[in-house]
Amino acid sequence: MNTFKKEERLCSVRLIQSLFHSGSSFVVYPFRVVYRFEKRDVGAAQVLISVSKRRFKLAVTRNSIKRRLREAYRLEKGAKLLPFLDERKWYLAFAIQYIGKQEEAVLSTLREKMITVFKKLQHESDRMDQHLSD
RNA sequence: AAGCAAACCGGUUCUAUCGCUGCUCUAUACGUAGAGGAGAGGAAAGUCCGGGCAACGUAGAGCGACACGCUUCCUAACGGGAAGGCGCAUUUUUCGGAAUGCGAUAGAAAGUGCCACAGAAAAUAUACCGCCUUUGCAAAAAGGUAAGGGUGAAAACGUGAGGUAAGAGCUCACGGCUUUGUGUAGUGAUAUGCAUCGCGGUAAACCUCGUGUGUUGAAAAACCAAAUAGGUUGCAGGCUUCGGAAAGGGCGGCUCGCUUUUUGUCUUCGGACACCUGCAAUGGGUAGGUUGAUACAGUCUGUGUGCGAAUGCAGGCGUAGAUAAAUGAUAGAGGUCUGAUCUCGGUUGGACACAGAACCCGGCUUACAAGGUUUGCUUCUUU
């Protein structure tokens, strides 16, 4: 199901602080992703979508970009992100920051980029698995 | 009719699918599921004023700081609004005035300061030219003088007469602004008459006078409260037949042997206190949650009062409530404006602003596409 409820969002202040304090990051233009994996009983993901006020001055443009990012995440996560997390019992907390331009925030390109982000995350989790098994 | 300016109105709709946040109903394994219905603005913005609300503070008075500053009224209140007074500017005029715009619009007659450049002089006056008197053959010197010259945004209130050596509000008449007193009109600002005092500007320079202000803001504040750690209280335990048993630690030659520990202090020998362990209760408090928090200084219609801002009465309406923060995405069909095209009402293209609630109200300020209404100005056409 393509839902996006509150459990799938990162809301707790402490979790967000610890994520930004100890998480790793990479850039897939136009996104900057900060992430942290943990082993849990059930695979899950909590995401934080952020568009900085310094880049986009008006609240209206910030809102619209955030909504498109959320829509892209909602449409793509079911097929590309959750299956491998569930398979390997990973809990993933991550933040997506938008660092592109306003004109580039079109839904179709955002969806493509979101898929590459997920692939990169999967690659990272593979490396973590290898590290753990060693 | 067109253009420009100002003010006001206005702020694209519907359907389907997927999704988000509350609400109501039903079911429920209490996790949720299904159905229904709701879900950004005129400025939600800037956070500039005022108020509600909350916590803390609070004998009274003064000083200081800050804000405001013509009058009356409206309002819960305001630095907001309405009506009016006064001044200035523009336009118009039938020369009486009228319209529009602007004004921190109390005090410069309490005191201090400042007034670029130019100019003789920018404020207890001064003397460059000029005028007058005296001295001197003359050049010039001494003294008087603000009428005249030129400078400047502003030149010692303006005009005329008297007066004088020449002059000067020095005196007088008329006029301008102004202080104080007083008569009349007005609720009042103020207007106007009489008498009287005075005559550069600047108070968004200090200042004086009057009025007001306790501080902090919903991240206020109230309540519930997991796990873990620690606090407090209560209960239980800290062997024994005195030979040793059991458990833990150390060493060695490691199925064993040796060695050591099993709380301390006080004691009237009953215990008391401290310490350690376990169990139970409990106060504070963190994560988290609930309230605050969405029904009202509400809004619409009618009607009464008032010049008006407003307000009385009656009736209708219920209209977001998130909290790392919902109100979205996609597709299709319209709507308004506009361009192209031709078979003249079809086809096709483009545009649709400013901008996103965060405790709630009243204002102010700023932003705003197309379109519409009203007013003013300009141009053109017709009668």
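Above this text is the structure in question.
Presented here is a report on the structure given in the accompanying data block. Given the structure is predicted, the values throughout are model-derived calculations rather than measurements.

Some words on the pattern of salt bridges
(1) Moving on: One pass over the full model with this rule turns up three salt bridges.
(2) Moving on: For arginine 111, the salt bridge goes to glutamate 76, with nearest N and O atoms at 2.7 Å. Of this pair, arginine 111 sits in helix α4 (residues 107-133) while glutamate 76 sits in helix α2 (residues 59-80), and the two are 35 residues apart along the sequence.
(3) Moving on: The partly exposed category is assigned to arginine 111, whose relative accessible area is 31%.
(4) Moving on: The partner of arginine 127 in a salt bridge is glutamate 124, and the shortest N-O contact between them spans 3.7 Å. Taken together, the residues span about one helical turn, with arginine 127 and glutamate 124 both in helix α4 at a distance of three residues.

Considerations on the sheet that holds strand β4 (residues 90-98)
(1) Moving on: The sheet built from four strands is open, its strands ordered β1-β2-β4-β3 with mixed pairing. A single partner strand is all that each edge strand has here, and the edge strands are β1 (24-28) and β3 (44-51). Adjacent strand axes in the sheet meet at a mean angle of 20°, parallel and antiparallel pairs treated alike.
(2) Moving on: One ladder, built from five bridges, connects β1 with strand β2 (residues 31-39); its direction is antiparallel. Paired with serine 25 across the two strands is valine 34, which belongs to β2.
(3) Moving on: Docked against the sheet, α2 engages β2, β3 and β4, running at close to 155° with respect to β3.
(4) Moving on: Where α4 meets the sheet, its contacts fall on β1, β2 and β4, and the angle it forms with β2 comes to roughly 35°.

Things to note about the pairing of β4
Remember that side chains alternate between the two faces of the sheet whenever the strand is regular.
(1) Moving on: Burial of β4 is extensive: nine of the nine residues sit out of reach of the surface.
(2) Moving on: Taking every second residue as pointing to the same face, both faces of β4 are buried, with Trp90, Leu92, Phe94, Ile96 and Tyr98 on one and Tyr91, Ala93, Ala95 and Gln97 on the other.
(3) Moving on: As paired elements, β2 and β4 share nine bridges and run antiparallel to each other. Residue pairing across strands places phenylalanine 31 opposite tyrosine 98, the latter belonging to β4.

Reading guide: rules and limits
- Residues numbered from 1 in each chain as written.
- Chains lettered and ligands numbered in written order.
- Predicted model: local features only at pLDDT ≥ 70, side-chain atom pairs only at ≥ 80, totals over all residues.
- Heavy atoms only, no water.
- Salt bridge = Lys/Arg side-chain N within 4 Å of Asp/Glu carboxyl O.
- Helix = DSSP H or I, 4+ residues; strand = E, 2+ residues; numbered from the N terminus.
- Buried < 20%, exposed > 50% of the residue type's maximum accessible area, 1.4 Å probe, protein only.
- Pairing = 2+ DSSP bridges.
- Axes fitted to C-alpha atoms, helices over the stretch in contact; angles between N-to-C directions.
- Contact = heavy atoms within 4.5 Å.

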